Amino acid sequence: MNEHAPEGNVNTSEGLLEHRLCDGLSSDGVIARSVWKAADPRIRTEMKGPARMVILHHTALRYCVQPRDSLAQLAYIQNLHMHEREFDDIGYNFLISGDGSVYEGRGWGVVGAHAKEYNCDSVGIAFMGNFNEELPTPASLTALQRLLRVGEISGHVRPDFVLVGHRDVAKTECPGENVYSALTKLRTQLGKR
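Residues numbered from 1 in each chain as written. Predicted model: local features only at pLDDT ≥ 70, side-chain atom pairs only at ≥ 80, totals over all residues. Heavy atoms only, no water.

(A) Spatial organisation of the pattern of salt bridges. Scanning all chains against the criterion turns up 7 salt bridges. Residues R44 and E46 are paired through a salt bridge, measuring 2.4 Å at the closest nitrogen-oxygen approach. Overall, the relative accessible area of 45% leaves E46 in the partly exposed class. Among the ionic pairs, R62 bridges to D69, the shortest N-O distance being 3.6 Å. Here R62 falls in the partly exposed class, since its relative accessible area comes to 45%. (Salt bridge = Lys/Arg side-chain N within 4 Å of Asp/Glu carboxyl O. Buried < 20%, exposed > 50% of the residue type's maximum accessible area, 1.4 Å probe, protein only.)

Dropping the structure here:
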């Protein structure tokens with residue numbers, strides 16, 4: 001028996017996907033861009049310091065719970081952002097699926113393209129789905145809280161960061177009524193305003 005062989009059945013497409021996800025999991029629980037086979041960004045602009053604001057979004061696309069659906073949706077969103085909207089990369093810093101998986105978009109410390117006039121000092125986090133229709137799962141809300149704590153501890157977001165919905169800084173329905181209505185409770189749980 002090969003001691004370096006992965007455990008479990010990797011002879012199925014689901015088994016291969018599971019191992020790919022595990023291999024791409026960083027120490028902070030974020031699934032790396034390489035897992036969803038992200039295209040390289042045209043330009044990558046570093047933030048000048050820790051983010052002072054975290055802006056929540058929804059993709060307003062198909063609701064994703066299964067990893068296979070999430071990976072396909074990530075590639076679709078990046079393609080949409082880069083080729084139709086002419087962004088340099090996927091717009092969001094992170095995306096969260098219904099199963100609580102957190103996917104790296106642009107990542108920490110990189111200027112996003114998610115909220116005009118606020119991109120340079122904010123982190124954009126999108127829930128995958130249309131949250132005017134869907135409810136965020138407890139797993140996705142817990143994943144958001146964990147990600148934000150990691151951001152604080154690692155110095156990527158300021159300890160006094162402000163948590164807002166996209167509609168707080170732009171004329172939009174984003175992040176959807178159901179994510180937006182969860183903001184008050186999230187702020188309380190995080191000790192934020």
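(B) How the structure looks around the nonpolar core. Core analysis: the biggest nonpolar cluster contains 27 residues, and V54, L56, I125 and L163 have the highest contact counts within it. When contributions to this core are tallied by element, the ones reaching two or more residues are β2 (51–58), β3 (94–96), β5 (122–127), α3 (138–153), β6 (157–165) and α5 (183–190). Here this core takes 5 residues from α3, the largest share from any one element. Apart from the residues lying within four places of it in its own chain, the contact partners of L56 are I125, F127, L144, L163, V164, G165, H166, C174, P175, V179, L183 and L186. Within the second largest apolar cluster, 14 residues are counted, among which are A38, L71, I77 and I90. (Core = buried A, V, L, I, M, F, W, Y, C linked by side-chain atoms within 4.5 Å. Helix = DSSP H or I, 4+ residues; strand = E, 2+ residues; numbered from the N terminus. Contact = heavy atoms within 4.5 Å.)

(C) Layout of the pairing of β5. Burial of β5 is extensive: 6 of the 6 residues sit out of reach of the surface. A two-sided burial pattern is seen for β5, the buried positions comprising S122, G124 and A126 on one face and V123, I125 and F127 on the other. Of the strand pairs in this sheet, β3 and β5 are connected by 3 bridges, and their pairing is parallel. Across the sheet, the residue bridging to L95 is A126, located in β5. (Pairing = 2+ DSSP bridges.)

(D) The arrangement of the sheet that holds β6 in detail. As summarised here, the arrangement of the 6 strands in space is β1-β4-β3-β5-β2-β6, forming an open sheet in which the pairing is mixed. Of all strands in the sheet, those with a lone pairing partner are β1 (30–31) and β6, marking the two edges. Sheet topology note: the β2/β6 ladder contains 5 bridges and is parallel. Looking across to β6, one finds that V54 is bridged to L163. Where helix α2 (residues 67–84) meets the sheet, it contacts β3 and β4 (102–104), and its direction lies at approximately 35 degrees from that of β4. In the packing of α5 onto the sheet, contacts are made with β2 and β6, and the angle to β6 comes to roughly 170 degrees. (Axes fitted to C-alpha atoms, helices over the stretch in contact; angles between N-to-C directions.)

No statement about biological role is implied by the geometric values presented.
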